[in-house]
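Survey of secondary and tertiary structure
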Amino acid sequence: MATVYVDNKACEMNPEENLLHGCLSHGFKLPYFCWHPALGSVGACRQCAVKQFKDDKDSQGKIVMSCMTPAAEGTRISIADPEVVAFRAGIIEGLMLNHPHDCPVCDEGGECHLQDMTVMTGHDYRRYEFEKRTFRNQDLGPLVNHEMNRCIQCYRCVRYYRDYAGGRDLNAFASRDQVFFGRSEDGVLENEFSGNLVEICPTGVFTDKTLKHHYARKWDQQFAPSVCVHCALGCNTDAGERYGSLRRIVNRYNHEINGYFLCDRGRFGYEFVNSEARLRQSVLKDRPTSAAAARQYLDQTVANGRVIGIGSPRASLESNFALRTLVGPDHFYSGIADHEAKLVGLMLEILRRGPMRTPTLRDIEESDVVLILGEDLTNVAPRMALSVRQSVRQQPMEAVKKLKVPLWLDHGVRDAMQDARGPLYIATPYRTRLDEVATATFRAAPDDLARFGFAIAHALDSSAPISHETSQDWLMAAAIARALKAAKKPLVISGTSCASEAVIQAAANVAMAANTALSFTAPECNTIGAALMGGNSLSAAFQAVKDGEADTVIILENDLYRRAPQAEVDSMLKAATHVIALDHLPNPTTEKAELLLPAGTFAESDGTFISSEGRVQRFLQVSAPQNEVMASWRWLKPDHWQSLDDVLRAMAKALPELDAACDAAPSSKFRIAGAKIPRSPLRESGRTAALVNINISEPKTPDDPDSALSFSMEGTPDQPPAALIPFFWSPNWNSIQAVNTYQKEVGGPLRGGDAGVRLFEPAPRNGQAYFSAIPRAFSPRQGAWLLVPMYHIFGSDELSLAAPGIRELATKPHVAVNSDEFAEGAEVEVNCAAGTFRLPVMIHREMPVGVAALSVGLSPLVGIQWPTWGKIARAK
Amino acid sequence: MLSILRTIWYVFLHSFQKRITVQYPEQKPYLAPRYRGRIILSRDPDGGERCVACNLCAVACPVGCIALQATEDKNGRRYPEFFRINFSRCIFCGYCEEACPTYAIQLTPDFEIGEFHRKNLVYEKEDLLINGPGKHPGYNFWQIAGVKIGGKDKGEAAHEAAPVDVHTLLP
Ligand code: SF4
Ligand code: SF4
Ligand code: SF4
Ligand code: SF4
Ligand code: FES
């Protein structure tokens, strides 16, 4: 630590950082624009000026940019010096010259960093009366709105979009005081992380277009800490509500996981919650019915029938557990598709057995050599792809360190690095978005990917098994092995997307042989949790009904047609006397239900998910329920469970491995100085008007028996524990940049530790054996194709597909092959065990011959058991 | 005895003084235009709804008796989808008027809004919106703001230069 004197006050600062970072970490109100903890310093805006003095005798001093000056030992600076105060006021007046008179109609208003900085510098009167520069806006697609007049030319957007996220289609155009930030022409932003522009841009140039359609100010939204439901990574979010509808998702900083950024599916997928089609009332035999009648029918049916329950990988642990309790552990069936359950089971076995550590996203970002085996990360675990993109900077960064360039000095670092990239190897059946930063790619059928993995493991440790058939990929495998061996923080990533156990085993062998971290992706937000909950296989459930062992099926938040072939589901649902389903949105399964119960989404219920990292995390209800929609576990729970705490306690007792769920967040009894944590900002408006059209007497604030949060603005003003932060705000910092004041050190962990409890810590190395079932080399079959799944960030996720913005961007279902037989875009018929599908074909020259990839999860391509063989023929 | 006589004398004198009792309601008192009574929403000089649904009045209101929801027409002009004031809570402090950046919300010299039922004191936009600009005849927020709306393109607001040609690099 270095001692820096700020206005003669001695402060301990991190000497590896700059003065702005140090001052903000100490809570000084120093205005800034272009600097961002994740992007570093460029010194573009001149807003962060301070006065620096040579020594304690120097009274003259000189003005420097705090973001460009290291926090070196003994530095003396002043923030309050009148000259530098006037300098900063002058800078903001300059930035505001052309600024439009837009705050009242600007979506950033009330959470605008520019507003905050303007107030902080005391610029409250416009002297400039001449013409203002104007720009035309662009249509950037359904997710991000563009209002270019509000730009202050800080360059954060392009630095984030191009340098950090690897986007290409956003740039700075024109020159001098007319610089324009946008695309070369109107069109959807191509990058999958474009939504972060909304938070990165300190002004209202880039705003959330989905929010615009039902706009509410930040101060008017009621927030709750949530966990993203659109993939298994479990990024932390805050969800905002107003007048009973969900308005938006913002990033909830978690140093270990998502940091400052979310993917677009996670940020904009929330709109399914507001869907017109939502189930909001119980339906019994196609007639709407009351909650009480529905509950009674449920109890009666359960008491009289032979009941089985089918859980779900997208429902919370609590809901799965409530169902398991209702039907009894022996009659509880996992809702995961059979082929997937096998893969996830294998992954869990590997993680439990060790010795590999499952890394956090931050670990992934800091890895210096990465091998991806079988995963198209951008489309399966999007946020992880963004982390891997940063990992390729690690090795060049070492060289930069040797040149003594401070790592926060962004342009210096990039100049020193040029195009250098650290090793990233990607082995998948088809091309991926990350290929552009990869050192080398390898395209093969899943079995060959596995063989490749086994070969790498063998090259690292000759005791790891290898097949005796030789392969021409041996050289590349050896090169990867060398890189992994030389690495300081190596990482192997694999998962379920190749639908191959061999690929997962091969990845485990490599990770074990090279002693690397091992990250597995999983398909859904609680796949890991559902797998840990256990239960018999889905096909066993079908069998039980078919055999007449069961006549009543309770299906929890699960569209079975996405899990098993249509014919099988049809016959099972037909054979059952009573079908009871709980879900958010109507789907083919709920259509067949005799009793349908409206289940709360993440916004209307409390619960716990386990991410693919093995992190147990809690999400909380955003607003008090206004109709019969409630958490599935509330529908299913026994009477003596009163609150979430009771469910968690019962679960910990029945399933000791899941007792970490109790610690995922403080219990409902938690208080800060006797007070609950407010869900609403202090300035929430309209409390005595919002509901008076219904009833002139304002209702009492609803209680929340399940969490330590209150449904109002009343409560503690202090910072809550990370798992309970509903929104980031502190005096003078109304924008999302307020997160600075919640961290131990800006850009570091949250004060009091980050949210979530890790389930798997590395077991010691104690002779865990290598996997040895090496598959035979793939050989294409005459007249048949090996069908493998191909995931799409927009389209493969069931829930986000019901959000209008995401649906608009969703990929059209298609089949990708490498073949001269078909013309690009031609209609073909794919015939496999799951049925015959008519699809357009895309020619992927990089793919192995004999393998075809099908868009997964997009109707009609659901319910397929991967991998499978099929025929492809030109459509008649 | 003497004091009684003096009192009677004063009463007698008083009957010759100017009367100050006002015969309300037959006779209406004069209230200055800036009197803080019933709240209205005014219109632009060109007749459009003035309120841009910015929520500043609502947040300034110390009793929280204003609730509204913003929406936009197809040309980008923002307006309140609903706008509700609960006059049974309003304390007529005038903070909303102070906060309003468009002069849309104004307090008027009308105080005769008594009701037998509280629920009749809930005014919706239809009840609040008047047909003119109220106390601020000339002001039109949209002519000053930078966003484009129907009938006003970029560069057409007050003190605005024509939009930049972003395809040129000429100095
Ligand atoms: S960007 Fe900020 S300062 Fe500018 S109009 Fe929007 S809210 Fe106001
Ligand atoms: S658009 Fe926003 S982030 Fe980009 S330069 Fe302008 S103000 Fe900065
Ligand atoms: S990466 Fe996954 S968890 Fe994170 S925001 Fe995207 S969909 Fe959600
Ligand atoms: S402050 Fe004025 S413009 Fe804003 S919402 Fe209230 S009435 Fe409308
Ligand atoms: S923040 Fe330092 S110059 Fe912009």
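Residues numbered from 1 in each chain as written. Chains lettered and ligands numbered in written order. Predicted model: local features only at pLDDT ≥ 70, side-chain atom pairs only at ≥ 80, totals over all residues. Heavy atoms only, no water.

1. Brief notes about the overall build of chain B
To keep it simple, the criterion reads: Note on conventions: DSSP H or I runs of at least 4 residues are helices, E runs of at least 2 residues are strands, and numbering of each starts at the N terminus. Working definition: with a 1.4 Å probe on protein chains only, accessible area under 20% of the residue-type maximum means buried, over 50% means exposed, and in between means partly exposed. Contacts are assigned to residue pairs that have any heavy atoms within 4.5 Å of one another. A 1.4 Å probe and the Shrake-Rupley method give the accessible areas. Residues count as covered only by the protein chains that appear here. This count recognises Lys and Arg as positive and Asp and Glu as negative, with His and chain-terminal groups excluded. Here the site of a charge means atom NZ of a Lys, CZ of an Arg, CG of an Asp or CD of a Glu.
If you tally the helices and strands in chain B, you get four helices and six strands. Over its C-alpha atoms, taken along the principal directions, chain B stretches across nearly 105 × 40 × 25 Å. Expressed as a percentage of the 171 residues in chain B, the buried residues total 40%. For chain B, the proportion of contacts with a sequence separation of at least 24, taken over those separated by at least 6, is 69%. Element-wise, carbon and sulfur atoms account for 58% of the exposed surface of chain B, whose accessible area totals about 10200 Å². Looking at charge distribution, chain B has the averaged site of its 21 positive side-chain charges lying 10 Å from that of its 19 negative ones.

2. Structural notes on helix α13 (residues 382-391) of chain A
In terms of burial, α13(A) is a largely internal element, ten of the ten residues being buried. Considered for burial, the residues of α13(A) that qualify are A:Pro382, A:Arg383, A:Met384, A:Ala385, A:Leu386, A:Ser387, A:Val388, A:Arg389, A:Gln390 and A:Ser391.

3. Some details on empty space enclosed by the protein
Residue and element names in this part refer to chain A. Going by this rule: Cavities and pockets are found on a 1 Å grid laid over the protein atoms alone: a cavity is a set of points where a 1.4 Å probe fits but cannot escape, a pocket is an open set with protein on both sides within 12 Å along at least five of seven lines, and a lining residue has an atom within 4 Å of such a point. Grid points are joined across faces, edges and corners, and a volume is the space filled by probe spheres set on the points. Polarity classes work like this: nonpolar for Ala, Val, Leu, Ile, Met, Phe, Trp, Tyr, Cys and Pro, charged for Asp, Glu, Lys and Arg, and polar for all others, with Gly in that last group. Each domain span listed reflects an automatic or database assignment of domains.
Counted according to the given criterion, the structure contains 16 cavities of 30 Å³ or more. Taken as a whole, the largest cavity holds about 420 Å³ of empty space. Considering the residues around the largest cavity, the lining is formed by 28 residues, among which Pro523, Glu524, Arg562, Tyr791 and Ser796 are closest to the centre. Taken together, the elements giving at least two residues each to the lining of the largest cavity come down to α10 (338-353) and α12 (377-380). When grouped by side-chain class, the residues that make up the lining of the largest cavity number 14 nonpolar, six polar and eight charged. Three or more residues apiece are contributed to the lining of the largest cavity by two domains, here domain 2 (282-334 + 535-654) and domain 4 (785-874).

4. Section: the domain arrangement of chain A
When the domains of chain A are assigned, the result is domain 1 (2-96), domain 2 (282-334 + 535-654), domain 3 (349-521) and domain 4 (785-874). Of note, the centres of domain 1 of chain A and domain 4 of chain A, computed from C-alpha atoms alone, are 55 Å apart.

5. Observations regarding the side chain of A:Ser710
Along the polypeptide, A:Ser710 turns up in strand β29 (residues 709-710). Sequence-distant contacts of A:Ser710, that is, excluding residues within four places in its chain, are made with A:Lys676, A:Ile677, A:Pro678 and A:Arg679.

6. Describing the layout of surface pockets
Taken as a whole, the largest pocket spans an internal volume of roughly 1300 Å³. Residue lining of the largest pocket: 42 residues in total, with A:Glu17, A:Pro37, A:Glu366, A:Met397 and A:Leu407 positioned closest to the centre. If you list the elements that add at least two residues to the lining of the largest pocket, you get α4 (156-164), α11 (361-365), α13, α14 (394-402) and α15 (410-417) of chain A. Ranked by residues supplied to the lining of the largest pocket, first place goes to α14(A) with four residues. Split into classes, the residues belonging to the lining of the largest pocket amount to 17 nonpolar, ten polar and 15 charged. If you count residues domain by domain, the lining of the largest pocket takes at least three from each of domain 1 (2-96) and domain 3 (349-521) of chain A. Going through the elements one at a time, β12 (236-242) of chain A together with β3 (78-86) of chain B are the ones with two or more residues in the lining of the second largest pocket.

7. What about the site of ligand 4?
Let me state the cut-off plainly: Throughout, near means a residue has at least one heavy atom within 4 Å of the molecule or strand.
Neighbouring ligand 4 are 14 residues; B:Cys51, B:Cys54, B:Cys57, B:Cys100 and B:Thr102 lie closest to it. Looking at the shell around ligand 4 residue by residue, the classes come out as twelve nonpolar, two polar and no charged.

8. Considering a nonpolar patch on the surface
Cut-off, in case you're wondering: Candidate patch residues must exceed 30% relative accessible area and have no salt bridge, after which like charges are joined if within 9 Å and Val, Leu, Ile, Met, Phe, Trp or Tyr side chains if within 5 Å. The salt bridge definition used is simple: a Lys or Arg side-chain nitrogen within 4 Å of an Asp or Glu carboxyl oxygen.
A cluster of nonpolar side chains, namely B:Trp9, B:Tyr10, B:Phe12, B:Leu13 and B:Phe16, defines an oily patch on the protein surface of about 600 Å² accessible area. For B:Tyr10, the position within the fold is in helix α1 (residues 2-14).

9. Notes on the sheet that holds strand β36 (residues 868-874) of chain A
Residue and element names in this part refer to chain A. To keep it simple, the criterion reads: For two strands to count as paired, DSSP must find a minimum of two bridges between them. Lines fitted to C-alpha atoms define the axes, with helix axes restricted to the stretch in contact, and inter-axis angles between N-to-C directions lie between 0 and 180 degrees.
Pairing within the closed barrel is mixed, and its six strands lie in the order β31-β35-β32-β34-β33-β36. In this sheet, neighbouring strand axes are inclined to one another by 45° on average, regardless of whether the strands run parallel or antiparallel. Relative to strand β35 (residues 851-855), strand β31 (residues 785-790) runs parallel, the two sharing five bridges. Each residue of the ladder has a partner; that of Val788, found in β35, is Ala853.

10. Structural notes on the site of ligand 1
Around ligand 1 sit A:His99, A:Asp102, A:Cys103, A:Cys106, A:Glu108, A:Gly109, A:Cys112, A:Leu114, A:Gln115, A:Arg150, A:Thr203 and A:Gly204, and that is every residue in its neighbourhood. Its residues assigned to classes, the shell around ligand 1 shows four nonpolar, five polar and three charged.

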